[in-house]
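One letter stands for each residue in the lines below.
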Amino acid sequence: MAEYCAGNERAFEALFNRHAEQVKRLAQRLVLDSSQANDVLQMTFMSVVRSRERYIQGSPFRPWLFAIAMNAARDAWRRRKTEAIATNEVPEVMVEPNASDPGLETRVRAALDKLPHGQREAIVLHRFEGLSYAEIAEAAGLSESAIKVRAHRGSRVLRELLRGEWEE
Amino acid sequence: MMSDFDSIRNAVMAESIRVSQVRPWWIVALALAAVNLAPAAIVLQATAFERPDFSDVRWPFGFGFLILGAVATVAAIGPRWHVIRLSLLVAAAALGIGAVATLPPPRAAVPNYECFLTEVGLSLLPLVAFVYALSRFAPSRARALVGGLAAGSAGLALLHWRCPDSSFTHVMVAHLTPWVGLALLALVTRSFVRTYSYAP
C-alpha cells in the first residue's frame, strides 16, 4: 500500500490480486447475495483508490481494507432491506452449494441472515476470516470489548438457530 | 468471455488511473470552514454599524458555538476520532443548555421566523457542502450530525451576537431549534446521497 500511495500503479494491481478473493468471500458472507457481493468488492477497491490519502502509512493494510468492505457491505445490506420493504418482498438469500455439505452451508447462511449486521460482522470476520478481535475493533472503529460482546451474542443466537450442528 | 472478477479488476484499475491525485482531508476541512464562515462573515460585515456589546454574556457563548463549529468541521471530515465526534454531540448539548441558562433580559422583541430563516439561510450553502464532503466517507450518523452542527454553527453564533431578543422562548425556537434541525437534516440528506468512498 505504501508503494501505491507513492504512485506505483502496479502495486495497486498486486494489492487487488492478493486481497480481492478474500474481500469477495467476506462480502458474500455479509450481504449474502452474489451480485451485491461483486458490487461490494468493486466499491471496496474503488474506495481504496479514492481515499488512499486516509490510509495511515505503516499500519496493517488488511484491517483497513476490511473496514472499507464492511462499510460497503453494511450500506448494501441496508439498501437491500429498504428495497425489500418497499417492494414488500422477502430478500432472497443466494447460496452457492457447498460440495461437501450443501445443506449445512445453506443453513449457516440462512442463520447468519437472521443476525443483526453488527453481530454478523463480528462472527464472519472472527470465525470465518480469522481476524483477531483487536483487528476487527480497529476496522469497525469500536472497542475490543464491544466486538467481543457482539460476537458472543451473535454466537449464542447462531447456536440456537443451528442447534445440533454448532461446534465451538 | 470476461469474468466478473476481471471486469471488476479492469474497472478499479481504470479508476486508479483516473484518480491520479487525492486531496488531503485537511484541505477539504479548510474549504468547508471557509464556506461555513463566509455567509456569516458577510452578514456580520454588513451589520457592523451596530456597536457590539462585549459585556453581554452571550458573546463568549457565541465564540463557543464558533469554536465548536471549527472542531466539529475537523471531526466530521477527519479520518478517525469517532470518540471526539460523540463527545462533540455532548458538548453541543452542554453549550446549548449553557447559552439558554445565562440569557440576559431581552432588549427588543424579534419575530421568531426572522431569526429562524436567517439561520437556515446562512447555513444552507455550508450544509450542502458538508453533505457533499461527507459522501466521500462511509455513511456515519455521528459524522452527519456533527457535520450538520458545524454547518449551522456560524449562523447560530451570529444570531447569538446580534439578535436583541434574548428571551428564552425566542432563543429556543428561533436560534437553537434550527441548529438542531440542520443537524437532523444533514443526517437525513446524507442517507439519500450516494456514497463515493466507503473508507473510514
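(A) View of the overall build of chain B. Of regular secondary structure, chain B possesses seven helices and zero strands. Counting from the amino terminus, chain B carries its helices and strands in the arrangement α-α-α-α-α-α-α. Each principal axis of the C-alpha distribution contributes one length, and for chain B these read about 75 × 30 × 25 Å. Out of the 200 residues in chain B, the part that is buried amounts to 46%. Accessible surface computed for chain B: about 9900 Å², of which carbon and sulfur atoms make up 72%. For chain B, the separation between the mean place of its 14 positive charges and that of its 9 negative charges on side chains is 9 Å.

(B) View of the pattern of salt bridges. Evaluation of the coordinates by the stated rule reveals seven salt bridges over all chains. As a salt-bridge pair, Glu 53 of chain A and Arg 54 of chain A come within 3.6 Å of each other at their nearest N and O atoms. With a shortest N-O distance of 3.0 Å, Asp 6 of chain B and Arg 9 of chain B are connected by a salt bridge. In this pair, Asp 6 of chain B and Arg 9 of chain B both sit in helix 1 (residues 4-18), three residues apart, roughly one turn of the helix.

(C) How the structure looks around helix 5 (residues 112-134) of chain B. All names here are of chain B. With 23 residues, helix 5 should reach 33 Å at 1.5 Å per residue; the first-to-last C-alpha distance of 31 Å fits that figure. Leu 124 marks the point of greatest bend in helix 5, at about 40°, and the proline Pro 126 comes within the next four residues. Here helix 5 has its buried residues at Cys 115, Glu 119, Leu 122, Ser 123, Pro 126, Leu 127, Ala 129, Phe 130, Val 131, Ala 133 and Leu 134. Those residues of helix 5 that are buried lie in contact with helix 2 (25-46), helix 3 (58-77), helix 6 (141-162) and helix 7 (168-192).

(D) Region of interest: the confidence of the model for chain B. All names here are of chain B. Scored by pLDDT, chain B comes out at a mean of 85, with 94% of its residues at no less than 70. Across chain B, element-level confidence peaks in helix 7 with a mean pLDDT of 92 and bottoms out in helix 4 (residues 82-101) with 81. Listed scores for the predicted complex are pTM 0.77 and ipTM 0.74.

(E) Region of interest: helix 6 (residues 117-128) of chain A. All names here are of chain A. Across its twelve residues, helix 6 extends 15 Å between first and last C-alpha, which sits within 8% of the 16 Å expected from 1.5 Å per residue. With nine of twelve residues buried, helix 6 is to be regarded as a mostly interior element. Turning to helix 6, its buried residues number three or more, namely His 117, Gly 118, Gln 119, Arg 120, Glu 121, Ala 122, Ile 123, Val 124 and Leu 125. Positioned one or two residues after helix 6, Gly 130 has a phi angle of 75°, which is positive.

(F) Structural detail: the packing of helix 3 of chain B against helix 5 of chain B. Residues and elements named next belong to chain B. Taken N-terminus to C-terminus, the directions of helix 3 and helix 5 make an angle of 25°; their axes are 10 Å apart at the nearest point. In terms of orientation, helix 3 lies roughly parallel with respect to helix 5. Here Thr 73, Ala 76 and Ile 77 of helix 3 come into contact with helix 5, specifically with Phe 130, Ala 133 and Leu 134.

(G) Here's a closer look at the interface of chain B and chain A. Taken residue by residue, the interface counts 31 residues in chain B and 33 residues in chain A. Here chain B and chain A share an interface that buries about 2800 Å² over both sides, 61% of which is from carbon and sulfur atoms. Linking chain B with chain A are one salt bridge, by the criterion used here. Ionic pairing is found between Arg 50 of chain A and Glu 15 of chain B, a salt bridge with its closest N-O pair at 2.7 Å. Viewed at the interface, chain A and chain B are joined by ten residue pairs in polar contact (both at pLDDT 80 or more). At ten residues, the largest contribution of residues to the side of chain B that touches chain A is made by helix 1 of chain B.

(H) Spatial organisation of the nonpolar core. If you look at the biggest cluster of nonpolar residues, it comprises 54 residues, and the most contacted ones within it are Met 1, Phe 12, Phe 45 and Trp 64 of chain A. Ala 133, Phe 137, Ala 150 and Leu 156 of chain B belong to the second largest nonpolar core, which has 35 residues in total.

About the thresholds
Residues numbered from 1 in each chain as written. Chains lettered and ligands numbered in written order. Predicted model: local features only at pLDDT ≥ 70, side-chain atom pairs only at ≥ 80, totals over all residues. Heavy atoms only, no water. Helix = DSSP H or I, 4+ residues; strand = E, 2+ residues; numbered from the N terminus. Buried < 20%, exposed > 50% of the residue type's maximum accessible area, 1.4 Å probe, protein only. Areas by Shrake-Rupley, 256 points an atom, 1.4 Å probe, with all protein chains shown as cover. Lys, Arg positive; Asp, Glu negative; His and termini not counted. Charge placed at Lys NZ, Arg CZ, Asp CG, Glu CD. Salt bridge = Lys/Arg side-chain N within 4 Å of Asp/Glu carboxyl O. Expected span 1.5 Å × (residues − 1). Bend = angle between axes of the 7 residues up to and from the residue. Contact = heavy atoms within 4.5 Å. pLDDT = per-residue confidence, 0-100. Axes fitted to C-alpha atoms, helices over the stretch in contact; angles between N-to-C directions. Parallel < 35°, antiparallel > 145°, perpendicular 65-115°, else oblique. Buried area = accessible area lost by both parts, 1.4 Å probe. Polar contact = N/O pair within 3.5 Å; in protein donor to acceptor, adjacent residues only side chain to side chain. Core = buried A, V, L, I, M, F, W, Y, C linked by side-chain atoms within 4.5 Å.

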